[in-house]
Amino acid sequence: MELQFHKYQGTGNDFIIVDNRLDIFPKNNTNLIEQLCDRRFGIGADGLLLLENDKSADFKMVYFNADGKIGSMCGNGGRCLVAFAKDLGIVQKEASFEASDGNHRASVSGKQVALKMSDVGRISKKRNAYFLDTGSPHHVQLSKDLNSMDVVKEGRRIRYGIYGEKGSNVNFVEQLAPDSFWVRTYERGVEDETYSCGTGVTAVALAMHFSSKTEADRIHIKTKGGDLWVTFKAAKKGYEDVVLEGPATFVFKGTIRW
Ligand SMILES: N[C@@H](CCC[C@H](N)C(=O)O)C(=O)O
């Protein structure tokens, strides 16, 4: 079989993107998707995104983690898919799409894509951390000396030790300024540290506001792969009007045969 694909990245969180509007991609072939994401034997990516037709939105997003298994919501992936849809001419400056956690709207300005995330109703306090679901599950904990932390070792311990096989993404945070944080993320389904995680930085921003580490409602997040911004409004219960904003760019396109 031969596959045309595109590579996009959002602050270093990188994705294989396939235009699957003809619905011919072998979605059930977990081994194939894992192989395509492999950085030595395949194209290499944190995940694989399918753009599909949708009866009411501009398109539908289907996301697979690098382990080849269907994933939950992917914030950076959603932003990259909107950039891809614009490059294909499917959308202009505004877009709407269906994802695993419902409908999302987005706006494009140059290389920047602002994605409306789902409302977050509940943030639970763990011993030295917070847990919330921003479309994907996230453990958020403040850490000292983030620079020297073994994120993979610590992240794996928490991901399996506290959250079992179903797991959670694990975000380690250091405050840089009243409205700015540095985040390193161990990502479930990639089972490694990624250069950034969109649902992760969204979770960090909300958890830091919830725990009064910041009073800002527009928060800058520094990641290994670059800068992201999260804006939000406090709601009666949790947070609403949550928007994740940052760059999403085309890297290359190609053909792969197997
Ligand atoms: N990198 C993604 C997160 C994708 C889902 C995550 N790997 C999970 O399985 O929960 C993002 O940008 O949100």
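Residues numbered from 1 in each chain as written. Predicted model: local features only at pLDDT ≥ 70, side-chain atom pairs only at ≥ 80, totals over all residues. Heavy atoms only, no water.

A. Region of the structure containing the UniProt feature "active site" (unreviewed entry) in the chain. Here the UniProt-annotated "active site" (unreviewed entry) positions come out as C74 and C197. Spanning 124 residues, the annotated positions come together in the fold, the maximum distance between their C-alpha atoms being 7.9 Å. Lining of the largest cavity among the annotated residues: C74 and C197. Mapped onto the fold, C74 is located in the loop between β4 (59–65) and α2 (75–88). In contact with C74, not counting residues within four places along its chain, are F15, M61, Y63 and T199. Considering the arrangement of structural elements, one finds C197 in the loop between β13 (192–194) and α4 (198–210). (UniProt positions renumbered as here; feature names shortened; annotations may be inferred. 1 Å grid on protein atoms, 1.4 Å probe; cavity = no way out; pocket = protein on both sides within 12 Å on 5 of 7 lines; lining within 4 Å. Helix = DSSP H or I, 4+ residues; strand = E, 2+ residues; numbered from the N terminus. Contact = heavy atoms within 4.5 Å.)

B. Broad picture of empty space enclosed by the protein. Counted under the stated rule, the structure contains 1 cavity of 30 Å³ or more. Quantified by volume, the largest cavity comes out at close to 120 Å³. Forming the boundary of the largest cavity are 17 residues, of which N65, M73, S136, E187 and T199 lie nearest the centre. Of all the secondary-structure elements, those providing two or more residues to the lining of the largest cavity are β4, α2 and α4. Split by residue class, the lining of the largest cavity holds 4 nonpolar, 11 polar and 2 charged. (Points joined across faces, edges and corners; volume = space filled by probe spheres on them. Nonpolar A, V, L, I, M, F, W, Y, C, P; charged D, E, K, R; others polar.)

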